[in-house]
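Observations on chain architecture
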Amino acid sequence: MSFTIKIAPNQIGKIAIVTGANSGLGYETALGLAQKDTQVIMACRNLEKAEAAKVEILKEIPTANLVIMHLDLNSLQSVRDFSAAFIEKYNR
């Protein structure tokens, strides 16, 4: 049996952080999680590209719960800033 997103259980109440959610595998992961009612944190370096990706996902899944947060994995300060902002906003 091969995996498809259709057979995955609903993920209401779950939060997923997806790095690089504005393109490629990250985009597809964010899209798949959004289909399963996961709150998706789109952690991206380029906020303009992230916003464009969010618009595309919302065209396909209008009820998607998407939040864009800045994260540049090349910068430890950016990782610290992202972590602090996430912890401040979310309880888990």
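Shown above is the structure to which this text applies.
Residues numbered from 1 in each chain as written. Predicted model: local features only at pLDDT ≥ 70, side-chain atom pairs only at ≥ 80, totals over all residues. Heavy atoms only, no water.

So, about the pairing of strand 1 (residues 15-19). Residues Ala16 and Val18 point to one face of strand 1 and are all buried, whereas Ile15, Ile17 and Thr19, pointing to the other face, are not buried. Across 5 bridges, strand 1 lies against strand 2 (residues 39-44) in parallel orientation. In the strand pairing of strand 2, isoleucine 15 is matched with glutamine 39. (Buried < 20%, exposed > 50% of the residue type's maximum accessible area, 1.4 Å probe, protein only. Helix = DSSP H or I, 4+ residues; strand = E, 2+ residues; numbered from the N terminus. Pairing = 2+ DSSP bridges.)

Okay, the packing of helix 1 (residues 24-35) against helix 2 (residues 47-60) next. Two numbers describe how helix 1 lies on helix 2: the axes approach to 11 Å, and their chain directions differ by 35°. Helix 2 is crossed by helix 1, and the crossing has right-handed handedness. Contacts from Tyr27, Ala30, Leu31, Ala34 and Gln35 of helix 1 reach helix 2 at Ala53, Glu56, Ile57 and Glu60. Within the contact of helix 1 with helix 2, the residues separate by chemical class into 6 nonpolar, 1 polar and 2 charged. (Axes fitted to C-alpha atoms, helices over the stretch in contact; angles between N-to-C directions. Left-handed = near helix turned anticlockwise from the far one by under 90°. Contact = heavy atoms within 4.5 Å. Nonpolar A, V, L, I, M, F, W, Y, C, P; charged D, E, K, R; others polar.)

Relative to the helices and strands, aspartate 72 resides in the loop between strand 3 (65-70) and helix 3 (76-89). For the pair aspartate 72 and glutamate 88, spaced 16 residues apart in sequence, the C-alpha to C-alpha distance is 19 Å. If we skip the residues at most four places from it in the chain, aspartate 72 touches Arg45, Ser78 and Val79.

Moving on: the packing of aromatic side chains. Overall, the coordinates contain 2 aromatic pairs when judged by the stated rule. Seen in terms of ring centroids, phenylalanine 82 and phenylalanine 86 are 6.3 Å apart; in terms of plane orientation they differ by 20°. Their pairing is stacked. Of this pair, phenylalanine 82 and phenylalanine 86 both sit in helix 3, 4 residues apart, which is roughly one turn of that helix. We classify phenylalanine 86 as buried; its relative accessible area is 11%. (Phe/Tyr/Trp six-rings, centres within 6.5 Å; stacked < 30°, edge-to-face > 60°.)

In a soluble, globular protein the nonpolar side chains are often hidden away together inside. Counting 15 residues, the largest nonpolar core has Met42, Ile57 and Leu66 as its most contacted members. Per element, the largest residue contribution to this core is 4 residues, and it comes from helix 1. The next biggest cluster of nonpolar side chains, apart from the first, holds 8 residues, and it includes Ala43, Val67, Leu71 and Phe82. (Core = buried A, V, L, I, M, F, W, Y, C linked by side-chain atoms within 4.5 Å.)

The volume enclosed by the largest pocket comes to roughly 180 Å³. Looking at the largest pocket, the residues that line it are Thr19, Gly20, Asn22, Ala43, Cys44, Arg45, Asn46, Lys49, Leu71, Asp72, Leu73 and Asn74. Tallied by class, residues from the lining of the largest pocket come to 4 nonpolar, 5 polar and 3 charged. (1 Å grid on protein atoms, 1.4 Å probe; cavity = no way out; pocket = protein on both sides within 12 Å on 5 of 7 lines; lining within 4 Å. Points joined across faces, edges and corners; volume = space filled by probe spheres on them.)

All right, on to the sheet that holds strand 3 then. Read across the open sheet, the 3 strands follow the order 1-2-3; overall the sheet is parallel. The sheet terminates laterally at strand 1 and strand 3, the two strands that pair on one side only. Within this sheet the neighbouring strands show an average axis-to-axis angle of 25°, counted without direction. In the sheet, strand 2 pairs with strand 3 via 6 bridges, with the strands oriented parallel. In the strand pairing of strand 3, cysteine 44 is matched with histidine 70. Together, strand 1, strand 2 and strand 3 form the strand contacts of helix 3, whose direction differs from that of strand 3 by roughly 140°.

By themselves, these observations are geometric and do not establish any function.
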